[in-house]
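# A structural walkthrough
Given next are the chains, with one letter for each unit.
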Amino acid sequence: MDPSRISLRPYNLSDVDDFLLWASDDRVTRYLRWDTITSREEALAYLEMVAIPHPWRRSICLDDRSIGYISIKPESGDDRCRAHIGYAVAAEYWGHGMATLALKMAVSKVFDEIPDLVRLHALVELENKASQRVLEKVGFVKEGLLRKYGFCKGEIRDMFVYSFLSTDKLL
Ligand SMILES: CC(C)(COP(=O)(O)OP(=O)(O)OC[C@H]1O[C@@H](n2cnc3c(N)ncnc32)[C@H](O)[C@@H]1OP(=O)(O)O)[C@@H](O)C(=O)NCCC(=O)NCCS
């Protein structure tokens, strides 16, 4: 895949059909905190109420068409130094380095774009090996296992926590 075909940009409502293609796929949403989107109306409402107003959510685009997302959500107050990162890529593009490239693009910009941000962290289910590998390829550090940390798809799960600091180097 030619990396120049990949870009990150904010969502528009006109992304709805491309967004629905992968947001309606249970394989993609399996490890995400949001449920599979089942209709065009739901996809439009999600873009309008969640994706577009989000403080830092970008569409991962291939030739400017949405094939995934990255969101970086900063905490507030005394926790504003840290932000949670989440991401997904349409299943038909898995294994082509898309997520790794997109994360590197996001990480290289976000510390300049969000004042006070020093730490990004990701929470990953134990069996989500592809996501763990992506984080390792980007340069995130595996800090440990958080036991029974949070709900995912109705079940309380153990999760690995990975972090990347503003002073860390991308691989
Ligand atoms: C995780 C996800 C974003 C990865 O996207 P991607 O574009 O395929 O990622 P990349 O191609 O950049 O890298 C994937 C790596 O995982 C590896 N991998 C994939 N499945 C694997 C498995 N079952 N065991 C071990 N490694 C695996 C690939 O071989 C590749 O590593 P390599 O380059 O060393 O060969 C994608 O699978 C996805 O959208 N999953 C559903 C949503 C999700 O889990 N999001 C993360 C929540 S924490």
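Residues numbered from 1 in each chain as written. Predicted model: local features only at pLDDT ≥ 70, side-chain atom pairs only at ≥ 80, totals over all residues. Heavy atoms only, no water.

As named in an unreviewed UniProt entry, the chain is N-acetyltransferase domain-containing protein, taken from Citrus clementina.

## Details of the site of the ligand
Put simply, the rule is: Consider each residue's heavy atoms; a residue with any of them within 4 Å of a molecule or strand counts as near. Any pair of N or O atoms that falls within 3.5 Å is considered a polar contact. Within protein, one atom must be able to donate a hydrogen and the other to accept it, and sequence-neighbouring residues count only if both atoms are side-chain atoms. Throughout, the Shrake-Rupley method with a 1.4 Å probe supplies accessible areas, and for residues the shown protein chains are the sole cover considered. Using a 1 Å grid laid over the protein atoms alone, points where a 1.4 Å probe fits but cannot get out form a cavity; open sets with protein on both sides within 12 Å along at least 5 of 7 lines form a pocket; any residue with an atom within 4 Å of a point counts as lining. Being in a pocket or cavity means that more than half of the molecule's atoms lie within 2 Å of its grid points. Helix and strand definitions follow DSSP, with helices as H or I runs of at least four residues and strands as E runs of at least two, each counted in order from the N terminus. In the scheme used here, Gly and all other residues not listed as nonpolar or charged are polar, with Ala, Val, Leu, Ile, Met, Phe, Trp, Tyr, Cys and Pro taken as nonpolar and Asp, Glu, Lys and Arg as charged.
Taken together, 21 residues lie near the ligand, and G95, T100, N128, R133 and K137 sit nearest. Within the backbone of V89, a nitrogen or oxygen atom sits 2.9 Å from an oxygen atom of the ligand. Here an oxygen atom of the ligand and a backbone polar atom of G95 are 2.7 Å apart. Contact with the protein chains covers 72% of the free accessible surface of the ligand, which is 970 Å². With respect to the pocket detection grid, the ligand is positioned in the largest pocket. Elements represented by at least two residues in the shell around the ligand include exactly β4 (82-89), α4 (98-113) and α5 (129-138). Take the shell around the ligand: its biggest share by element is six residues, from α5. Tallied by class, the residues present in the shell around the ligand amount to 12 nonpolar, six polar and three charged.

## Observations concerning the layout of surface pockets
If a probe as big as a water molecule is rolled over the atoms, it shows which places are left empty. What counts here: Grid points are joined across faces, edges and corners, and a volume is the space filled by probe spheres set on the points.
A volume near 940 Å³ is recorded for the largest pocket. Lining of the largest pocket is provided by 36 residues; of these, L32, Y87, A88, N128 and S131 occupy positions nearest its centre. Of all the secondary-structure elements, those providing two or more residues to the lining of the largest pocket are α2 (26-29), β3 (65-74), β4, α4, β5 (119-125) and α5. Those elements that provide at least two residues to the lining of the second largest pocket are α1 (16-23) and β3. Classifying every residue of the lining of the second largest pocket gives six nonpolar, one polar and four charged.

## Focus on the UniProt feature "domain: N-acetyltransferase" (unreviewed entry) in the chain
Short version of the rule: UniProt positions are given in the numbering used here, feature names are shortened, and annotations may be inferred rather than shown by experiment.
UniProt annotation of "domain: N-acetyltransferase" (unreviewed entry) refers to residues 6-167 when read in the numbering used here. Across residues 6-167, helical content stands at 31% and strand content at 36%; the span's end C-alpha atoms are separated by 25 Å.

## Some words on the pattern of salt bridges
Stated formally: Within this document, salt bridges are pairs made up of a side-chain nitrogen of Lys or Arg and a carboxyl oxygen of Asp or Glu, the two lying within 4 Å of each other. Residue burial is assigned from relative accessible area. The probe radius is 1.4 Å, only protein chains are included, and a residue is buried under 20% of its type maximum, exposed over 50%, and partly exposed in between.
Summed over all chains, the structure comprises 11 salt bridges. Note that D17 and R40 form a salt bridge whose closest N and O atoms lie 2.8 Å from each other. Remark: R40 occurs in helix α3 (residues 40-51) and D17 occurs in helix α1; sequence separation between them is 23 residues. Accessibility expressed as a relative area gives 41% for D17, which makes it partly exposed. Between D25 and R27 there is a salt bridge, with the nearest N and O atoms lying 2.8 Å from each other. Residue classification places D25 among the buried residues on the basis of a relative accessible area of 15%. Its relative accessible area of 55% is what places R27 among the exposed residues.

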